[in-house]
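# Working through the structure, step by step
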Amino acid sequence: MKVAIISGSVYGTAEEVARHAQSQLEAAGLEAWHAARATLQDLEGFAPDALLAVTSTTGMGELPDSLMPLYSAIRDVLPAAWRGLPGAVIGLGDSSYGDTYCGGGEQMRELFAELGVKEVLPMLRLDASETVTPETDAEPWLAEFAAALKG
């Protein structure tokens, strides 16, 4: 199964989590692909069987600038080939921001819902005010995600 990992980062933490997710999914026997600042054309060329979004949150609960071009392109096109694919989201944020905590992740969940992507696991929320090792903290969830895709 081919898993495309979409990511957006402000300071690089979400990119690091995405790279770690790629290695974890590959170790679980899946074909994972991640490219920072991927384009819609890159994603469609990979022809994914599943989608994983890993994004931090910026400003007032928005997506990082690095992810906006891809997010907008997907929203404009809503690729029919992705309807019904399994997927999930890892959201990074800081709970001290209250209502906007993991807002970037919530935006990706909404986009996946518009695409018709089936959420196979609830969004993993990684809280910057509670962890200094988000990539390691994501491992149990990633193992569950891999098992859900294979099952």
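Whatever comes next refers back to the structure up there.
Residues numbered from 1 in each chain as written. Predicted model: local features only at pLDDT ≥ 70, side-chain atom pairs only at ≥ 80, totals over all residues. Heavy atoms only, no water.

This part takes up the nonpolar core. Residues Leu 25, Leu 52, Val 54, Ile 90, Trp 141 and Phe 145 are the most contacted members of the largest nonpolar core, which totals 24 residues. Those residues in contact with Val 54, other than ones at most four positions away along the chain, are Ile 5, Ile 6, Ser 7, Gly 8, Ala 14, Val 17, Ala 18, Ile 90 and Leu 92. Counting 23 residues, the second-largest nonpolar core is a separate cluster that includes Phe 46, Leu 67, Tyr 71 and Phe 112. (Core = buried A, V, L, I, M, F, W, Y, C linked by side-chain atoms within 4.5 Å. Buried < 20%, exposed > 50% of the residue type's maximum accessible area, 1.4 Å probe, protein only. Contact = heavy atoms within 4.5 Å.)

Turning to its location among the elements, Glu 15 is positioned in helix H1 (residues 13-27). Among the polar contacts listed, one links the side chain of Glu 15 to the side chain of Ser 7, at a separation of 2.8 Å. When neighbours within four sequence positions are excluded, Glu 15 is seen to be in contact with Ser 7, Gly 8, Ser 9, His 34 and Ala 36. (Helix = DSSP H or I, 4+ residues; strand = E, 2+ residues; numbered from the N terminus. Polar contact = N/O pair within 3.5 Å; in protein donor to acceptor, adjacent residues only side chain to side chain.)

Okay, the side chain of Thr 55 next. Note that Thr 55 resides in strand S3 (residues 50-55). Not counting chain neighbours up to four residues away, the residues in contact with Thr 55 comprise Gly 8, Ala 14, Leu 63, Pro 64, Leu 67, Ile 90, Gly 91, Leu 92, Gly 104, Gly 105 and Met 108.

Two faces make up the sheet, and in a regular strand the side chains alternate between them. Burial along strand S2 (residues 31-34) is one-sided: the residues Ala 32 and His 34 are buried and none of Glu 31 and Trp 33 is. The sheet contact formed by strand S1 (residues 2-8) and S2 spans 4 bridges and is parallel. Residue Val 3 lies in a different strand from S2, and its bridge partner there is Ala 32. Viewed along the sheet, the connection from S1 through H1 into S2 turns out right-handed. (Pairing = 2+ DSSP bridges. Right-handed = clockwise from strand over helix to strand, strands pointing away.)

Another aspect to go through is helix H6 (residues 139-150). Along its 12 residues, H6 runs 16 Å from first to last C-alpha, staying within 8% of the 16 Å computed at 1.5 Å per residue. Residues Trp 141, Leu 142, Phe 145, Ala 146 and Leu 149 constitute the buried set of H6. All buried residues of H6 fall inside an arc of 140° around its axis, so they share one side. Exposed side chains of H6 directed beyond 90 degrees from the buried face belong to Pro 140 and Lys 150. If you follow the buried residues of H6, they end up packed against S1, H1, S3, strand S4 (86-93) and strand S6 (124-127). (Expected span 1.5 Å × (residues − 1). Arc of directions from axis to C-beta.)

Scanning the model with the defined rule gives 2 aromatic pairs in all. Residues Trp 33 and Phe 46 carry aromatic rings whose centres are separated by 5.5 Å and whose planes lie at 20° to one another, so their mutual orientation is stacked. Of this pair, Trp 33 sits in strand S2 while Phe 46 sits in helix H2 (residues 40-46), placing them 13 residues apart in sequence. We classify Trp 33 as partly exposed; its relative accessible area is 21%. (Phe/Tyr/Trp six-rings, centres within 6.5 Å; stacked < 30°, edge-to-face > 60°.)

The subject of this paragraph is the environment of Thr 55. Taking the relative accessible area as the measure of exposure, Thr 55 reaches 0% and is therefore buried. Sequence separation between Thr 55 and Val 10 is 45 residues; the distance between their C-alpha atoms is 8.9 Å.

So, about the packing of helix H3 (residues 68-77) against helix H4 (residues 103-115). In contact at an axis separation of 10 Å, H3 and H4 are set at 25° when each is read in the N-to-C sense. Classified by the interaxial angle, the pair formed by H3 and H4 is roughly parallel. Helix-helix and strand crossings are classified by hand; for H3 and H4 the assignment is left-handed. Mapping the contact onto sequence places Tyr 71, Ile 74 and Arg 75 in H3 and Gln 107, Met 108, Leu 111, Glu 114 and Leu 115 in H4. For the contact of H3 with H4, the class distribution of residues is 5 nonpolar, 1 polar and 2 charged. (Axes fitted to C-alpha atoms, helices over the stretch in contact; angles between N-to-C directions. Parallel < 35°, antiparallel > 145°, perpendicular 65-115°, else oblique. Left-handed = near helix turned anticlockwise from the far one by under 90°. Nonpolar A, V, L, I, M, F, W, Y, C, P; charged D, E, K, R; others polar.)

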